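Topology and contacts: notes
Each chain is listed here by its residues.
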Amino acid sequence: MKIRDAYISVKIDDRGLEGLRDGLRSLFSEAGVECERASSASHVSIAYGEGDVEIEALERVASEIASLPFSVHVAGFELLKGETTPFDYLVVVLEGSSFGTAQSISSGVMKTRSFAGGFRSHVSLLKFPKNSLSATWAEHVLAEMNACQGLARFFGQRRLQGSSVAVFGSDRHCCLTKSIAA
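These numbers were taken from a predicted model, which means no experiment stands behind them. (Residues numbered from 1 in each chain as written. Predicted model: local features only at pLDDT ≥ 70, side-chain atom pairs only at ≥ 80, totals over all residues. Heavy atoms only, no water.)

**Let's talk about the overall build of the protein chain**
A tally of regular secondary structure across the protein chain gives five helices and ten strands. Rg of the C-alpha trace for the protein chain: 17 Å, near the compact-globule value of 16 Å for 182 residues, within the 12% margin. By its C-alpha atoms, the protein chain is 50 × 35 × 25 Å across when sized along the principal axes. Counting over 182 residues, the protein chain shows a buried share of 44%. (Helix = DSSP H or I, 4+ residues; strand = E, 2+ residues; numbered from the N terminus. Rg over C-alpha atoms; globule rule 2.2 N^0.38 Å. Buried < 20%, exposed > 50% of the residue type's maximum accessible area, 1.4 Å probe, protein only.)

Here you go:
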């Protein structure tokens, strides 16, 4: 069986991200800024495939990624412009060597989509209609968020852990999952 345009992601153990997402959404809504949750669960995109790939090859990729010590540091907050969606995203930017390795494993098996400025490892918190935020407002909010003592302490040396690897087809239905070893 082949999977078309496979999408690979790593689910992140919550560790308070959902509470942060909901709190920010509430604050932005009160300020009149239209936004919504970016996804139903915290996850990190690893690869967006292009074309058909055998499910057996994707099972090997998912197993290899699941064997990585998927533990990452939070680097800060950014606003990413959606290149292929009608949304812009408030994201938590992540650092860790597992991403590069996981992306290399994926691109060794399937053709993967590239992005202007490179592939950014992040967890999407909120999404906004494309270009609905003024650049000045977005810069101010991001500067405040990145400088905020409370958020800095919350994320300080905190590590986020991956819990599972998931592979989806072009219809975004999950085809397979592999648990990440603790």
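**With respect to the pattern of salt bridges**
As enumerated under the stated definition, the model contains nine salt bridges in all. Across the pair R4 and D52 runs a salt bridge, and its minimum N-O distance is 3.1 Å. With R4 in strand 1 (residues 2–4) and D52 in strand 5 (residues 52–54), the pair connects residues that are 48 residues apart, well separated along the chain. For R4, a relative accessible area of 46% corresponds to the partly exposed category. Note on D52: relative accessible area 48%, which makes it partly exposed. Measuring nitrogen to oxygen at the nearest pair gives 2.8 Å for the salt bridge that ties D22 to R37. Taken together, the residues D22 in helix 1 (residues 17–30) and R37 in strand 3 (residues 36–37) connect sequence positions 15 residues apart. Each of the salt bridges in this network shares a partner with another, and the network as a whole consists of E18, R21, D22 and R37. (Salt bridge = Lys/Arg side-chain N within 4 Å of Asp/Glu carboxyl O.)

**Digging into the packing of aromatic side chains**
The tally for this structure, following the rule as stated, stands at six aromatic pairs. Seen in terms of ring centroids, Y7 and Y48 are 4.8 Å apart; in terms of plane orientation they differ by 35 degrees. Their pairing is tilted. Pair noted here: Y7 is in strand 2 (residues 7–12) and Y48 is in strand 4 (residues 43–48), with a separation of 41 residues, a long-range link. Of the residues examined, Y7 reaches a relative accessible area of 7% and is grouped as buried. Centroid distance F70 to F99: 5.3 Å. Interplanar angle 90 degrees. Geometry classified as edge-to-face. In this pair, F70 sits in the loop between helix 2 (55–66) and strand 6 (71–81) while F99 sits in helix 3 (residues 97–107), placing the two residues 29 residues apart along the sequence. Summarising the burial analysis for this pair, F70 and F99 share the class buried. (Phe/Tyr/Trp six-rings, centres within 6.5 Å; stacked < 30°, edge-to-face > 60°.)

**Digging into unusual backbone geometry**
Not every positive phi belongs to a glycine, and D5 is a case in point at roughly 50 degrees. Structurally, the position occupied by D5 is in the loop between strand 1 and strand 2. Judged by relative accessible area, D5 falls into the partly exposed class, the value being 28%. Positive phi, close to 65 degrees, is recorded for R172, a residue that is not glycine. For R172, the position within the fold is in the loop between strand 9 (159–168) and strand 10 (174–179).

**Let's talk about helix 2**
When the terminal C-alpha atoms of helix 2 are compared, their 16 Å separation across twelve residues agrees well with the 16 Å that a helix rising 1.5 Å per residue should span. When helix 2 is considered as a whole, its buried residues turn out to be I55, A57, L58, V61, A62, I65 and A66. (Expected span 1.5 Å × (residues − 1).)

**Looking at the nonpolar core**
Counting residues in each nonpolar core, the largest one holds 47 residues, and the members touching the most others are I8, F28, I46, L58, I65, F70 and L94. Per-element tally for this core: the top contributor is helix 2, with seven residues. Apart from the residues within four sequence positions on either side, L94 is in contact with V44, V72, H73, V74, A75, F99, S121, H122, V123 and L160. (Core = buried A, V, L, I, M, F, W, Y, C linked by side-chain atoms within 4.5 Å. Contact = heavy atoms within 4.5 Å.)

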